[in-house]
Amino acid sequence: MDSSPLDPPQPVCRAHKFGGSSLADAARIRHVADLLLADDAARQIAVTSAMQGTTNALVALGETATAGGDWQDALDALRQRHRDTARALLEQPDAVLARIDALCGELADLLQATSLLRQPGRTALERIHGMGEVLSTTLLHAHLLERGGDYALLDAREVLVVRHTDLGAVVDWDASAALLADWRARHPQPRVNVTGYVARDEHGLPTTLGRNGSDYSAAIFASLFATDELHIWSDVDGVLSADPRIVPEAVPLAAMSYREACELAYFGAKVIHPQTMTPAIARGLPILMRNTFRPEFPGTRIDAVGDRSSGPVKGLTLGSNLALVCLEGAGLIGVPGTAERVFAALHAAHISVVMISQGSSEHSICCVVHEREATAARDALREAFARELAGAQVQGVTMLAGISVLAAVGDGMAGTPGVAAQMFEALARARVNIRAIAQGASERNISVAINSSDATRALRAVHASFWLSPQTIALAVIGPGKVGSALLDQLQAALPRLRERHNIDLRLRALASRSSLWLCEHGDASDWRTRMQAAPSADGLDQLATHLLDAHLPHAVVIDCSASDSVAQRYPDWLATGIHVITPNKQAGAGPLARYEAIRAAKAKSGARFRYEATVGAGLPVISTLRDLLDTGDELLAIEGIFSGTLAWLFNMYDGSKPFSTLVREAHALGYTEPDPRDDLSGTDVARKLVILARESGMPLSLADVQVESLVPETLRGADRDDFMAGLETLDAPMRTRLDAARANGCVLRYVARLERDGKASVALRELPVDHAFAHLRLTDNCVSFTTRRYCDNPLVVQGPGAGPEVTAAGVFSDLLRLAAALGAKL
């Protein structure tokens, strides 16, 4: 089939670079050969690194020889490894075995001389360090020839001329091109195997290009051979949006620009060494980062254009083992040349500056340096500014170790408002303090210095905030009873949809009951019931909170589905550490006022959220409606409501055809009441809900301030549960009297809570007209009426099912999703 004129032209010449691999040595070389022989380019250049671990072994050999140690056994092991590979790889290995012996003999001579001199020159050590690439390329070339490939073998030391400067190895392009032209005249094969990493200096002596030099070699030879593309092969699917060891959800990037790649690589991202970019940028050479184990995957294309169709932030990277050195003083303000003196002092001390931050007031200059150089940097600045320190013009030079730099990179950041705000907001929500900030005028990089202890959480939070990965939330659920169980089942059912549609990843990391505590590492709660049966006894909720925070996930949430006062007692501490709390437990909102105020203060200080919609009306939007009224400037005049689904059912059903005691037993059998129905009939639960609404309205009300009419006869209040159930008939006569009186007045009986604007609160059985909103409720419906300045003639009414595990769990789940949205999820 003919190609379309719109299809990109097939490369005439393609360059490849292969690094180390997790495969065994011979298997790796076979795999590389498979990829090379499958390449349909007319001409091909293949640059090869040493076999995995070989360069480190050669460096260790040089160090051992320099120290006068015994290096022979290690060299023999290295020789044997390459000989074993040749035998496993080649049908006719003799010539290659001889070549390996010769190269290792050369190594032995160099090591012997090094051992005698004890102070070897750079040339000798670099000849030792570069021998791995020569050995591996020799093996690959021989294998390709045996498989019918038409390949020449180029030792880069024959043609590549470099000189070493402070900026690294600099190529002498003219000299290298001339030597290559001469070499090509003698080796015209269309395909060439090239040794990576090694070169020659301006004097013709062997040298290396430094660490990551094979990538640089590949870009150099791709340029010298005028290839159309450079493919760099590794064991990952191209360039990822973040380090997958820290952010497992990191995604491969389809394309990026040279500038984006350089910015990411500068801070240590596993992209490509910035030096490698130089030849590619000069020629506009596309670089493709590919996976040797998935050659069908296109990988990441790095070129001049990149990919502007994606979001503003392309990727994130994290630099660690850094320190912050700051020069501060009022005497620096407006003084020309201060920054120059800082950088001159650090340059003289041979200290590399990773990041610079200076406020517009010029009161301070902060530099991020490598931690190993921090003390030297501080001392250099103290010496350079000794006169100003003595004269108190400079207040001090401080050093703070344990710093990491988080950088957000993307060409799309330029001219896009709000990128910095989005990044800083994500860090604030994840409770990460920023020590210093830097952004260049190009706007394609925003870097922040943070404490290393916060680095993992910070990277995950920012990565999720730009929707490069799901918004991940670590959950702990306390109380897997009726409501807790319903919530866990709802979570399990909704998780796939939340991940797919809304990019939310909810991970259950802890589950606690009265007697058991289950701690989960990976958040898979599909079999939580089985796990809880086998879970060890609880060691206390301190362990739960520690485990929740140890995950370094950006956000942690405790969902308390218990009715425990002792659990509510822990809310202030959890909120203070940045753990969000969601609960249907009324003990916090209606408990001691001092504790309630401590909860509010803790959440205000830490920024953690405390959500409790399900404490009043289960899944009904009662609290949020009240909050909306007040936040929009309305004035509350009164709240009136039926807050008990149990009592709503009882009085909806009580028409005199059955004794009241019979209805109580029926409600108990249906699960509408608490195990002890007195918990409902006493009115205390309704009073707690009224206190919660009063406090939400700004009234400092306590439970003791509420006038409560209990429906439990005085004689049964102190009895045990069985005696109470046996004596329920005591309720019948008084209730019948109340019902008859209400009917005589044309009314119905309803158990109503009422809050006045002056703070007067009451809970009682009331007679209501038959046309009242509360007179026509369905079964367990709750109904809340808000009378406000805006809704004074016709109150705002919220009505619906206000009891039951499913609807209560749904209310808790809704709070969780609202929290996720506040944390940056797209809902």
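Starting from 1, residues in each chain are numbered consecutively following that chain's sequence as written. pLDDT decides what is reported in this predicted model: residues at 70 or higher carry local features, side-chain atom pairs at 80 or more are listed and counted, and totals for whole chains, interfaces and linings draw on all residues regardless. Hydrogens and water molecules were not included; the side-chain quantities draw on all heavy atoms of the structure.

**As for helix α11 (residues 338–348)**
Item 1. Classification of residues uses two cut-offs on accessible area relative to the type maximum, computed with a 1.4 Å probe and protein chains only: under 20% is buried, over 50% is exposed, and between them is partly exposed. Secondary structure is summarised from DSSP: a helix means a run of H or I of at least four residues, a strand means a run of E of at least two, and numbering begins at the N terminus for each. When α11 is considered as a whole, its buried residues turn out to be Thr338, Val342, Ala345 and Leu346. One face of α11 carries all of its buried residues, which in axial projection span an arc of 95°. Turned more than 90 degrees off the buried face of α11, the exposed positions are Glu340, His347 and Ala348.
Item 2. In what follows, a contact means two residues having at least one pair of non-hydrogen atoms within 4.5 Å. On its buried face, α11 is in contact with β13 (315–328), β14 (353–358), β15 (364–370) and α12 (374–384).
Item 3. Positive phi shows up at histidine 350, right after α11, with a value of about 60°. The arc under discussion is defined with respect to the helix axis, by the directions toward the C-beta atoms.

**Details of the sheet that holds strand β3 (residues 151–154)**
Item 1. Pairs of strands are assigned from DSSP output, requiring at least two bridges between the strands. Across the sheet, which stays open at both edges, the 8 strands sit in the order β3-β6-β2-β1-β9-β11-β12-β10 with mixed pairing between neighbours. Only two strands of the sheet have a single partner each, and these edge strands are β3 and β10 (255–257). Adjacent strand axes in the sheet meet at a mean angle of 20°, parallel and antiparallel pairs treated alike.
Item 2. Pairing analysis gives 3 bridges linking strand β11 (residues 287–291) to strand β12 (residues 300–303), with the strands arranged antiparallel. Residue pairing in the sheet places isoleucine 287 in a bridge with isoleucine 302 of β12.
Item 3. Angles run from 0 to 180 degrees between N-to-C directions of axes, and those axes are lines fitted to C-alpha atoms, restricted for helices to the stretch in contact. Lying on the sheet, helix α6 (residues 131–146) is in contact with β2 (43–48), β3 and β6 (191–195); it crosses β6 at an angle near 160°.
Item 4. Sheet strands touched by helix α9 (residues 258–266): β10 and β12. Its angle to β10, the strand with the most contacts, is close to 85°.

**Some words on helix α1 (residues 25–38)**
Item 1. A helix is expected to span 1.5 Å for every residue after the first. For α1, built from 14 residues, the straight-helix expectation of 20 Å at 1.5 Å per residue is met to within 8% by its first-to-last C-alpha distance of 20 Å.
Item 2. Along α1, the residues classified as buried are Asp25, Ala26, Arg28, Ile29, Val32, Ala33, Leu35 and Leu36.

**Remarks on the nonpolar core**
Burial of nonpolar side chains together is a common tendency in soluble globular proteins.
Item 1. In these notes, a set of buried Ala, Val, Leu, Ile, Met, Phe, Trp, Tyr and Cys residues joined through side-chain atoms within 4.5 Å is what counts as a nonpolar core. Trp574, Leu650 and Phe651 are the most contacted members of the largest nonpolar core, which has 78 residues in total.
Item 2. Not counting residues within four places of it along the chain, the set of residues in contact with phenylalanine 651 comprises Phe660, Leu711, Met735, Leu749, Arg750, Tyr751 and Leu765.
Item 3. Ranked by size, the runner-up nonpolar core spans 44 residues in total, among them Ala15, Val192, Met256 and Met277.

**Considering the packing of aromatic side chains**
Item 1. Ring pairs shown here join Phe, Tyr and Trp side chains whose ring centres sit within 6.5 Å, with only the six-membered ring taken for Trp; geometry is labelled stacked below 30 degrees between planes, edge-to-face above 60, and tilted in between. Taken as a whole and judged by the stated rule, the model has 8 aromatic pairs.
Item 2. On the basis of an interplanar angle of 35° and a centroid distance of 4.7 Å, the ring pair of phenylalanine 610 and tyrosine 612 is categorised as tilted.
Item 3. In this structure tyrosine 612 comes out as buried when scored by relative accessible area, which is 9%.
Item 4. Members of the aromatic cluster, joined through ring pairs, are Tyr571, Trp574, Phe610 and Tyr612.
Item 5. Over the face of the ring belonging to phenylalanine 385 we find arginine 341, whose NZ or CZ atom lies 4.2 Å from the ring centre.
Item 6. The ring of tyrosine 596 is capped by arginine 695, whose NZ or CZ atom sits 5.0 Å from the centre of that ring. Both a distance and an angle decide whether a charge sits over a ring: NZ of Lys or CZ of Arg must be within 6 Å of the ring centre and within 35 degrees of the ring normal.

**Thoughts on the packing of helix α7 (residues 173–186) against helix α8 (residues 213–224)**
Two quantities define a packed helix pair, namely the angle between the helix axes and the distance between the axes.
Item 1. Relative to each other, α7 and α8 sit at 65°, their axes nearing to 11 Å. Comparing their axes, α8 and α7 come out roughly perpendicular. Both α7 and α8 take part in a crossing whose hand is right-handed. Between α7 and α8, the residues in contact are Trp173, Ser176, Ala177 and Leu180 and Ile220, Ser223 and Leu224, respectively.
Item 2. Each residue is assigned to one class: nonpolar for Ala, Val, Leu, Ile, Met, Phe, Trp, Tyr, Cys and Pro, charged for Asp, Glu, Lys and Arg, and polar for all the others, Gly among them. In terms of residue class, the contact of α7 with α8 is made up of 5 nonpolar, 2 polar and no charged. Each angle is binned into one of four classes, with values under 35 degrees roughly parallel, values over 145 roughly antiparallel, values of 65 to 115 roughly perpendicular, and all other values oblique. In this scheme the crossing of two helices becomes right-handed for a clockwise turn of the near helix relative to the far one and left-handed for an anticlockwise turn of less than a right angle.

**A closer look at the packing of helix α3 (residues 72–89) against α6**
Item 1. Close contact between α3 and α6 brings their axes to 11 Å; oriented N to C, the two are set at 10°. When the axis of α3 is compared with that of α6, the two are roughly parallel. Mapping the contact onto sequence places His82, Thr85, Ala86 and Leu89 in α3 and Leu135, Leu139, His143 and Glu146 in α6.
Item 2. Here the residues of the contact of α3 with α6 sort into 4 nonpolar, 3 polar and 1 charged.

**Things to note about the pattern of salt bridges**
Item 1. Any carboxyl oxygen of Asp or Glu that lies within 4 Å of a side-chain nitrogen of Lys or Arg is treated as forming a salt bridge with it. Tallied over the entire structure, the rule returns 44 salt bridges.
Item 2. Residue arginine 627 pairs with aspartate 631 through a salt bridge whose shortest N-O separation is 3.1 Å. In this pair, arginine 627 and aspartate 631 are both assigned in helix α23 (residues 622–631), 4 residues apart and thus about one turn of the helix distant.
Item 3. When salt bridges with common partners are traced through the structure, they connect Arg14, Asp39, Asp40 and Glu229 into a single cluster.

**Side note on the side chain of serine 357**
Item 1. Turning to its location among the elements, serine 357 is positioned in strand β14.
Item 2. Serine 357 gets classed as buried once you look at its relative accessible area, which sits at 15%.
Item 3. Side-chain atoms alone can form a polar contact between residues adjacent in sequence; in general such a contact is a pair of N or O atoms within 3.5 Å, and within protein one must be able to donate a hydrogen while the other accepts it. In this structure the side chain of serine 357 is engaged in a polar contact, spanning 2.9 Å, whose partner is the backbone oxygen of isoleucine 437.
Item 4. Apart from the residues within four sequence positions on either side, serine 357 is in contact with Ser364, Ile365, Cys366, Ala436 and Ile437.

**As for the sheet that holds β14**
Item 1. The 6 strands lie next to each other as β14-β15-β13-β16-β18-β17, forming an open sheet whose pairing is antiparallel. The open sheet terminates on both sides in strands that have one partner only, identified here as β14 and β17 (434–439). Here the strands of the sheet are splayed against their neighbours by 30° on average, with no regard to which way each runs.
Item 2. Across 11 bridges, the pairing between β13 and strand β16 (residues 396–409) is antiparallel. Within β16, the residue paired with leucine 322 across the bridge is isoleucine 403.
Item 3. Lying over the sheet, α12 contacts β13, β15 and β16, oriented at roughly 125° with respect to β16.

Read these as spatial facts, not as claims about activity.
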